[in-house]
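Working through the structure, step by step
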Amino acid sequence: SGYFDKRELGLQYASSLYLAMLLVFGDNVFPEHRSNQVAEYLIASLALLLGGVMTAIVFANTAHVVAVEGGRWAKHRETLKLRSRTMQMLGLPTELRHKVNDYFDYVWFRHQDFVGFQFLEQLPSTLRSDIYAFVHLRMLKRIPAFEGCDHEFM
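Starting afresh in each chain, residues are numbered from 1 along the sequence in its written order. Where local features are concerned, this predicted model is filtered to residues with pLDDT of at least 70; where side-chain atom pairs are given and counted, the filter is 80 or more; whole-chain, interface and lining totals use all residues. Each side-chain value is derived from all of the structure's non-hydrogen atoms; neither hydrogens nor water enter the calculation.

What to know about the overall build of the protein chain
By definition, any uninterrupted DSSP run of H or I lasting at least four residues is a helix, any uninterrupted run of E lasting at least two residues is a strand, and each is numbered from the N terminus. A tally of regular secondary structure across the protein chain gives five helices and zero strands. Listing the helices and strands of the protein chain from first to last along the sequence gives α-α-α-α-α. Sequence separation of at least 24 residues holds for 44% of the intrachain contacts in the protein chain that already meet a minimum separation of 6. All accessible areas in this document rest on Shrake-Rupley with a 1.4 Å probe, and a residue is counted as covered only by the protein chains that are shown. Total accessible area on the protein chain is roughly 12400 Å²; 64% of this is exposed by carbon and sulfur atoms. Any two residues whose heavy atoms approach within 4.5 Å are treated as being in contact.

Shown next as structure tokens:
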């Protein structure tokens, strides 16, 4: 029926695939356990392959998060430099510079960017007021002067 036993050939292919997967993903290139079952080698190879894919996904997602955060912080530093140069060119006094910096620090720490804030600035003042009231309503309710106020008043 030919030169090779088909069962023996399948076992050789499966074990070769398994050893190749171990070489790429594993640390024990020549395991002590040898099997004579094709299915066992194929399942072990599949498990190694899936493990490698999952590891690659985790590393890729981590690299993406680091790159995005690094870009946001670089943009923030560039904005700080531009703001500082502009205030220097305008000759603003130190106290006024501190107020401007404190304001933009608040915006940054509240929203983590300035794009969302620019979006709010483009809205009509009544809609913007509604959004600000919604966002800051809890804080206002904790102020003793506003504790008993009606929701509509707030």
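Still more ground to cover, so stick around.
A closer look at the confidence of the model for the protein chain
Fine structural detail should not be taken from predicted coordinates in areas where pLDDT scores are low. For every residue, the predictor assigns a confidence score, pLDDT, that lies between 0 and 100. Overall, the predicted model of the protein chain reaches an average pLDDT of 77, with 78% of residues at or above 70. Highest mean pLDDT in the protein chain belongs to helix α2 (residues 38–90) (84); lowest belongs to helix α4 (residues 115–121) (63).

Quick notes on the nonpolar core
Remark: nonpolar core denotes a set of buried residues (Ala, Val, Leu, Ile, Met, Phe, Trp, Tyr, Cys) joined through side-chain atoms within 4.5 Å. Only protein chains enter the accessibility calculation, which uses a 1.4 Å probe. A residue is then buried if its area is under 20% of the maximum for its type, exposed if over 50%, and partly exposed in between. Leu-11, Ala-14, Tyr-18, Met-21, Leu-22, Tyr-41 and Leu-48 form the largest nonpolar core, which has seven residues in total. Mapped onto this core, the elements with two or more residues apiece are α1 (6–25) and α2. Among the elements that take part in this core, α1 stands out by supplying five residues, more than any other.

Observations concerning the environment of Asn-101
Inspection of the secondary structure assignment puts Asn-101 in helix α3 (residues 94–111). In this structure, Asn-101 is in contact with Arg-83 and Met-87, ignoring residues within four places of it in sequence.

Here we look at the side chain of Ser-45
Of note, Ser-45 is situated in helix α2. Dropping the residues within four chain positions of it, Ser-45 is found in contact with Ala-14, Leu-17, Tyr-18 and Met-21.

Points about a nonpolar patch on the surface
Candidates for patches are residues over 30% relative accessible area with no salt bridge; among them, like charges are joined within 9 Å and nonpolar side chains (Val, Leu, Ile, Met, Phe, Trp, Tyr) within 5 Å. Take a side-chain nitrogen of Lys or Arg and a carboxyl oxygen of Asp or Glu: if they are within 4 Å of each other, that pair is a salt bridge. On the surface, Leu-46, Leu-49, Leu-50, Val-53, Met-54 and Ile-57 cluster together to form a nonpolar patch covering roughly 530 Å² of accessible area. Mapping Ile-57 onto the fold places it in helix α2. Exposure remark for Ile-57: the relative accessible area of 41% places this residue in the partly exposed category.

So, helix α5 (residues 125–141)
What a helix should span is 1.5 Å times the count of its residues minus one. Spanning 17 residues, α5 covers 22 Å between terminal C-alpha atoms, matching the ideal 24 Å at 1.5 Å per step. At Val-135, α5 shows its largest kink, close to 50°. Note on bend: the value at a residue is the angle between axes fitted to the seven residues ending there and to the seven starting there.

Let's talk about α2
Across its 53 residues, α2 extends 78 Å between first and last C-alpha, which sits within 8% of the 78 Å expected from 1.5 Å per residue. Those residues of α2 lying buried are Tyr-41, Ser-45, Leu-48, Gly-52, His-76, Arg-83 and Met-87.

Some remarks on the environment of Glu-40
For Glu-40, the location among the structural elements is in helix α2. On the basis of relative accessibility, which here comes to 36%, the residue Glu-40 falls in the partly exposed class. Each C-alpha atom, one on Glu-40 and one on Ser-15, is 9.1 Å from the other, the two residues being 25 residues apart in sequence.

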